[in-house]
Amino acid sequence: MKKLFTILFIGLASLTINAQDKVAKIEFKSDTVDYGTVEKGSNGVRVFEFTNTGDAPLIISNVTSSCGCTIPKKPEGPILPGKTGEIEVKYDTNRVNPIRKTITVISNAETPTVALKIKGEVVDTKNASVLEKTNKSVVQQ
């Protein structure tokens, strides 16, 4: 009976050690998306691309934004080792102002929390003054 328990214990211990070796790793092409200067009301959808460089399936459990003006969308299923995935981010471009937002990604990866950033500026070209449109002063015209 002691031998049976010893064999079971060693077997469980080796399974536990082997299971800990396999881990998912998330690697983003870039952790920042620069919108640049975009017009009010334009398309605010951008994508963060990533790869699972680990040897276990990557499961993204949650993606949140620092503000309600940014809506992130996570992949639904697991990302297998070596495969790529996308996190889609939609910014409300009806808000005229600089863009500085953070998207937090939570997963089962070796680094479970990753912060992504979006930046840029939304401008309203319809309300720009005549001087701004022509880039000339009254004297130069």
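Coordinates for the structure precede this section.
Residues numbered from 1 in each chain as written. Predicted model: local features only at pLDDT ≥ 70, side-chain atom pairs only at ≥ 80, totals over all residues. Heavy atoms only, no water.

**Brief notes about the overall build of the protein chain**
The criterion, for reference: The helix count covers DSSP runs of H or I at least four residues long, the strand count covers runs of E at least two residues long, and both are numbered beginning at the N terminus. Remark: exposure states derive from per-residue accessible area (1.4 Å probe, protein chains only) relative to the maximum for the residue type, with buried under 20%, exposed over 50%, and partly exposed in between. Contacts between residues were defined by any pair of non-hydrogen atoms, one from each residue, lying within 4.5 Å.
Summing up its helical and strand segments, the protein chain has 2 helices and 8 strands in all. Listed N to C, the secondary structure of the protein chain is α-β-β-β-β-β-β-β-β-α in terms of helices and strands. Split into buried and exposed, the 141 residues of the protein chain put 26% on the buried side. Relative to all contacts within the protein chain whose residues are 6 or more apart in sequence, the contacts with residues 24 or more apart total 64%.

**So, the packing of aromatic side chains**
To keep things clear, this is the line we draw: In this scheme Phe, Tyr and Trp rings, the latter by its six-membered ring, pair at centre separations within 6.5 Å, and the angle between planes marks the pair as stacked below 30 degrees, edge-to-face above 60, and tilted otherwise.
Under the criterion given, the structure shown has 2 aromatic pairs. On the numbers, 5.5 Å between centres and 55° between planes, the contact of Phe-28 with Phe-50 is tilted. Of this pair, Phe-28 sits in strand β1 (residues 26-28) while Phe-50 sits in strand β3 (residues 45-52), placing them 22 residues apart in sequence. Note on accessibility: Phe-28 and Phe-50 belong to one class, buried.

**Looking at the sheet that holds strand β8 (residues 113-123)**
Note the cut-off: Pairs of strands are assigned from DSSP output, requiring at least two bridges between the strands. Interaxial angle, 0 to 180 degrees, is taken between N-to-C directions of lines fitted to C-alpha atoms, where a helix line uses only the stretch in contact.
Strand order in the open sheet formed by 4 strands is β2-β8-β7-β4, and the pairing between neighbours is mixed. Lying at the two open borders of the sheet, with one neighbouring strand each, are β2 (32-39) and β4 (60-65). Taken over all neighbouring pairs, the strand axes of this sheet differ in orientation by 20° on average, direction set aside.

**Structural notes on the sheet that holds β1**
Strand pairing in a sheet is mediated by backbone hydrogen bonds. Such pairs are either parallel or antiparallel. One open sheet holds the 4 strands; their spatial order is β1-β3-β6-β5, and the pairing between them is antiparallel. Strands at the two margins of the open sheet, each flanked by one partner only, are β1 and β5 (70-73). Sheet twist, expressed as the mean angle between neighbouring strand axes with direction ignored, is 30°.

**Examining the pairing of strand β6 (residues 84-91)**
Residues Gly-85, Ile-87, Val-89 and Tyr-91 line the buried face of β6, whereas the alternating positions Thr-84, Glu-86, Glu-88 and Lys-90 sit on a face that is not buried. Where β5 lies against β6, 4 bridges are found, and the strand directions are antiparallel. What sits directly across from Ile-71, in β6, is Lys-90.

**Describing the pattern of salt bridges**
Which entries qualify depends on this criterion: Salt bridges, as used here, are contacts in which a Lys or Arg side-chain nitrogen is within 4 Å of a carboxyl oxygen on Asp or Glu.
Within this structure, the stated rule accounts for 2 salt bridges. For the salt bridge of Glu-49 with Lys-29, the shortest nitrogen-to-oxygen distance reads 2.8 Å. Of the two residues, Glu-49 is situated in strand β3 and Lys-29 in the loop between β1 and β2; the sequence distance between them amounts to 20 residues. Among the residues examined, Glu-49 registers a relative accessible area of 33% and is labelled partly exposed. Among the ionic pairs, Asp-92 bridges to Arg-95, the shortest N-O distance being 3.3 Å.

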